Amino acid sequence: MRVGIDTFAAHRKKTGIGTYISSLVGGLLKIDTQNEYLLFVSHENEVLFPDSTPNCRKVFGPRWIDNIKLRVLWEHTLLPRKLNLERVDVLHGPTFVTPLFAKQPGIITIHDMTWFTHPNEHIPLKRAYYQRLIPVAARRARRIIAITESTRQDVLRILGLPEEKVTVVHYGVDRIFRPVPDERLLAQTRQRYSLTSPFVLFVGMIEPRKNLPRLIEAFGQVKNAGYEGVLLLAGPPGWGYAEAAAKVEKLGLGKWVRFTGPVPHHELPNLFCAADLFAYPSLYEGFGLPPLEALACGTPVVTSNISSLPEVVGDAALLVDPLDVNGLAQSMQRVLADNQLRHQMRERGFKQAQRFTWEENARRTLEIYNQTQW
């Protein structure tokens, strides 16, 4: 079987979806030597994928598809011809859709349904694209992968699909996320981010869905209760950055709340391990990789009790109503003040994180490929 995978949404600045694509490919190539994989790549992202594997080959798009609008047009109009020329048997669209005119049996991965559940948190053009294309792609697809049971239920409810068409295949945790015993590395990380005091950490895009104004307000209460550290917001500024920054200024927390901007993927384990606590009060997640990565590093986690997050963190984290600022602050204070609780959460976190591997993700996905071919 010749499997085509559209990798164009993966790029060097790793996001959740980009991590998914590159990790899935790596996992498939480790466990499957029978099928042939064609990776449809751009000249910008091809470095994320292996060059010398007997059953894997890269197929390049034109250089001008680095422009995302041109890429989308090319994917729906010219890529289908390329799929036919390459004699692809099964096509995997790992980011919600497959080309409109593709003839191959298709599989799509749906990472969340925020285009429908939280439409105002997306820019209008992108929202309109996915609101129109996801239902079409879902109807045409032979199988749909949802990354959590929570996302699966959203897909079934919103798109009205038969239950047997949608299968849960969880993300995995990258093996770089583990305890860092080298205090020298942790000291270097603290120095790089000017961290001279303890800190509470958030990792993710600075956008409205991450609920950062409430996290900042809750952190203000934690400071008032005597915490001597800072809140570090690590991630690229999205279109919700201004609201978060305004909340910091309004509460007079400029000395105590810091925005790092993008953090290199390989530095994240050091930040997780150096932090007192990881706080992630998101309003909705299709999966929520950062809390799981924090658990794998042994960092206590406080996160939301809604959408997929309880499914991902299990009993290893404290769960709170993300709209309840006082409850969030109280949970953060509880973890910061109780060393025994922190130790218990650390041990439960390791066990929970071990349940999610990219090898298992690849194995389950391969089963779906084998069930989908003509």
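To keep things clear, this report deals only with the structure shown in the data block. (Residues numbered from 1 in each chain as written. Predicted model: local features only at pLDDT ≥ 70, side-chain atom pairs only at ≥ 80, totals over all residues. Heavy atoms only, no water.)

### Things to note about empty space enclosed by the protein
For the structure on display, the rule yields one cavity of 30 Å³ or more. By volume, the largest cavity is sized at about 30 Å³. Along the walls of the largest cavity sit Ile 206, Glu 207, Pro 208, Leu 212, Pro 213, Gly 240, Glu 243 and Ala 244, which together make up its complete lining. Looking at the lining of the largest cavity, the elements with two or more residues in it are helix H8 (212–224) and helix H9 (241–250). Here the lining of the largest cavity is built from residues that sort into five nonpolar, one polar and two charged. (1 Å grid on protein atoms, 1.4 Å probe; cavity = no way out; pocket = protein on both sides within 12 Å on 5 of 7 lines; lining within 4 Å. Points joined across faces, edges and corners; volume = space filled by probe spheres on them. Helix = DSSP H or I, 4+ residues; strand = E, 2+ residues; numbered from the N terminus. Nonpolar A, V, L, I, M, F, W, Y, C, P; charged D, E, K, R; others polar.)

### Focus: unusual backbone geometry
Where the residue is not glycine, phi is negative for most of them; where a peptide bond is considered, it is trans in most cases. Despite not being glycine, Arg 87 shows a phi value in the positive range, around 55°. Along the chain, Arg 87 falls in the loop between helix H3 (79–85) and strand S4 (90–93).

### Here we look at the sheet that holds strand S12 (residues 301–304)
Hydrogen bonds between backbone groups are what pair the strands of a sheet, and the pairing can be parallel or antiparallel. Read from one edge to the other, the open sheet built from six strands follows the order S10-S9-S8-S11-S12-S13, with strand pairing classed as parallel. Each edge of the sheet is formed by a strand with only one pairing partner; in this case those strands are strand S10 (257–261) and strand S13 (318–320). Strand-to-strand twist of the sheet, defined as the mean angle between neighbouring strand axes without regard to direction, takes the value 25°. Here S12 pairs with S13 via three bridges, running parallel. Along S13, the bridge assignment pairs Val 302 with Leu 318. Sheet contacts for helix H13 (residues 325–337): strand S8 (199–203), strand S11 (277–280), S12 and S13; angle to S13, the most-contacted strand, approximately 165°. (Pairing = 2+ DSSP bridges. Axes fitted to C-alpha atoms, helices over the stretch in contact; angles between N-to-C directions. Contact = heavy atoms within 4.5 Å.)

### Side note on the sheet that holds strand S1 (residues 2–6)
If you trace the seven strands from one edge of the open sheet to the other, you get S3-S2-S1-S4-S5-S6-S7, paired in parallel fashion. Of all the strands in the sheet, the pair left with one neighbour each is strand S3 (56–60) and strand S7 (166–168). When strand polarity is set aside, the average angle formed by the axes of neighbouring strands in this sheet is 25°. Relative to strand S5 (residues 106–110), S4 runs parallel, the two being bridged by three bridges. Its bridge partner lying in S5, His 92 is registered against Ile 107. Here helix H6 (residues 149–159) sits on the sheet in contact with S5, strand S6 (143–146) and S7, set at roughly 165° to S7.

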